[in-house]
Amino acid sequence: SAGLSNSAFAINNTKTQIQNVLIPTRNVASRSRASAFRRAVRKSRIAAEENVAASSKRYGLLALAGSSAAGLGALCYYGLGLSNQIGAIDKLAIWPEYVRDRIKATYGHLIVGLGVTAVSAASLFRTKLAYRFMTANPLLAMGGSLIAMIGTSYICHSIPYQEGLLNSKHLAWLVHAGTLGFVISPLMLMGGPLLMRAAAITGGVVGGLSMIALCAPSEKFLSWGGPLGLALGGVCMASIGSAFIPATGMLGAGLYSISLYGGLIVFGGLLLYDTQKLVRKAEAHPVYHPVKYDPINESISVYMDIINIFIRVATILAGGGSRRR
């Protein structure tokens, strides 16, 4: 009986040792399987995000390519004189001198405004003031920038134009241009070479669209005001939505693509509209009207179109179309 008891004790001891060896092995295997499952889920999620971003970028580029092809076709059609109606460029020879002076003054203020914005953006970037402000509280920075842009634009538009080198109207206009430089100064983080390429592409786009507007019949794009206003509202809503909804899902990626690619198309259309509008006002505004023709106010619309086109071109060149947030 003592021998049987010892044998039973030995058997139980052996079973306990085997269980102590097997249980940690099972726990290690379970943890390994759980870790592999988590890695597979993470890879699947990343792949899904990349697919959504790629799809959004593909559709945006297709829309942009279609718009570019339409613009090139319009330039060829109107530039070769295939239209039966005359455009602004055909009336250039018969324009009175005051119309030419008005258009020169408008584009002169446009060029100076863009230069002030570029210089202020570069200067503020060197001080890192705008970058610290933007990164400290992004929502407050976005809201404050929007209020500052609207406020300075409203003040500038509300001041009557007076001839002279420097007056209250010019000061308000320079403050508005400097405010835009503050807003876009974080773009300097993309690097000088990329921004120079973006500026060159923007110049080509603006030049081509301006030629289309000048060669097309004078009324061609003036009827686009209503649809372009609705489209601009949609782009603004998409831009606000993309600031709060990450571009990792279908909704967020769609909003971001509308803001980026759709915004580029819409502001291209607005450039056509605003160019023909300023030419029409330069032609139609009475010479002896109590309210003088305002080249500063007329240049601001085209100026804002160019700034928005430049921002989107730079973002696309920087790879923003496939960004994951």
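Quick note: structure is the one above.
A brief look at the structure comes next.

Criteria and thresholds
- Chains are numbered independently. Their residues run from 1 in the order of the written sequence.
- Under the rules for a predicted model, residues below a pLDDT of 70 receive no local features and side-chain atom pairs below 80 are neither given nor counted, while totals for whole chains, interfaces and linings still include all residues.
- To obtain the side-chain values, all non-hydrogen atoms of the structure were used and water was disregarded.
- Definition used for salt bridges: Asp or Glu carboxyl oxygen within 4 Å of a side-chain nitrogen of Lys or Arg.
- Strands here are runs of E lasting at least two residues and helices are runs of H or I lasting at least four, both read from the DSSP assignment and numbered beginning at the N terminus.
- Residue burial is assigned from relative accessible area. The probe radius is 1.4 Å, only protein chains are included, and a residue is buried under 20% of its type maximum, exposed over 50%, and partly exposed in between.
- Where helices are involved, their axes are fitted lines through C-alpha atoms of the stretch in contact, as for all axes, and angles between N-to-C directions lie from 0 to 180°.
- What sets the label is the angle itself: under 35 degrees gives roughly parallel, over 145 gives roughly antiparallel, 65 to 115 gives roughly perpendicular, and the rest give oblique.
- The sense of a crossing depends on the near helix, which, turned anticlockwise from the far helix by less than a right angle, makes the crossing left-handed and, turned clockwise, makes it right-handed.
- Whether two residues touch is decided by their heavy atoms; if any such pair falls within 4.5 Å, the residues are in contact.
- Lys, Arg, Asp and Glu make up the charged group, whereas Ala, Val, Leu, Ile, Met, Phe, Trp, Tyr, Cys and Pro make up the nonpolar group; the residues left over, Gly among them, are polar.
- Only residues above 30% relative accessible area that lack a salt bridge enter a patch, with like-charged residues linked at up to 9 Å and the nonpolar side chains Val, Leu, Ile, Met, Phe, Trp and Tyr linked at up to 5 Å.
- Note on areas: Shrake-Rupley with a 1.4 Å probe; residue coverage comes only from the protein chains shown.

1. Some details on the pattern of salt bridges
Under the criterion given, the structure shown has three salt bridges. Asp294 is the partner of Lys169 in a salt bridge, and the nearest nitrogen-oxygen pair spans 2.9 Å. A residue pair is termed long-range when its members are at least 10 positions apart, and Lys169 in helix H5 (residues 168–184) and Asp294 in the loop between helix H8 (250–284) and helix H9 (295–317) qualify at 125 residues. For Lys169, a relative accessible area of 0% puts it in the buried group. Residue Asp274 is joined to Lys277 by a salt bridge in which the shortest nitrogen-to-oxygen separation is 3.8 Å. With Asp274 and Lys277 both in helix H8 and three residues apart, the pair spans about one turn of that helix. Residue Asp274 is classed as buried on the basis of its relative accessible area, which comes to 7%. Look at Lys277 and you get partly exposed, because its relative accessible area is 22%.

2. Focus: the packing of helix H6 (residues 192–215) against H9
In contact at an axis separation of 9 Å, H6 and H9 are set at 130° when each is read in the N-to-C sense. As judged from the angle between their axes, H6 and H9 are oblique. Taken as a pair, H6 and H9 cross one another with a handedness that is right-handed. Contacts from Leu194, Leu195, Arg197, Ala198, Ala199, Ile201, Thr202, Val205 and Val206 of H6 reach H9 at Ile306, Ile309, Phe310, Val313, Ala314 and Leu317. Split into classes, the residues belonging to the contact of H6 with H9 amount to 13 nonpolar, one polar and one charged.

3. Some words on the packing of helix H7 (residues 225–244) against H8
Helix packing for two helices is described by the angle between their axes and how far apart those axes are. Interhelical geometry of H7 versus H8 gives an angle of 150° and a closest axis separation of 9 Å. It follows from the interaxial angle that H7 and H8 lie roughly antiparallel. For H7 against H8, the interelement crossing comes out left-handed. Seen from H7, the contacting residues are Gly225, Leu228, Ala231, Leu232, Val235, Ala238, Ser239, Gly241 and Ser242; seen from H8, they are Leu255, Tyr256, Ile258, Ser259, Gly262, Gly263, Val266, Phe267, Gly269, Leu270 and Tyr273. Of the residues assigned to the contact of H7 with H8, the class counts are 12 nonpolar, eight polar and no charged.

4. Quick word on the environment of Ala65
As for its placement among the helices and strands, Ala65 is situated in helix H1 (residues 2–79). With a relative accessible area of 44%, Ala65 lands in the partly exposed category. Through-space distance from the C-alpha of Ala65 to that of Ile265 is 10.0 Å; in sequence the pair is 200 residues apart.

5. Topic: the environment of Leu228
Position of Leu228 relative to the elements: it lies in helix H7. Note on Leu228: relative accessible area 9%, which makes it buried. Separated by 45 residues in the primary sequence, Leu228 and Tyr273 have C-alpha atoms spaced 8.8 Å apart. Among all residues touching Leu228, those that are not within four sequence positions of it are Val266, Gly269, Leu270 and Tyr273.

6. Some points on a nonpolar patch on the surface
Taken together, the side chains of Leu139, Met142, Met237, Ile240, Phe244, Ile245 and Leu251 define a hydrophobic patch exposed on the protein surface, amounting to about 700 Å² of accessible area. Put simply, the parts of the chain that give the nonpolar patch at least two residues each are helix H4 (138–158) and H7. The biggest single contributor to the nonpolar patch is H7, with three residues. Leu251 gets classed as exposed once you look at its relative accessible area, which sits at 56%.

In short, the description is geometric, and any link to function would need to be established separately.
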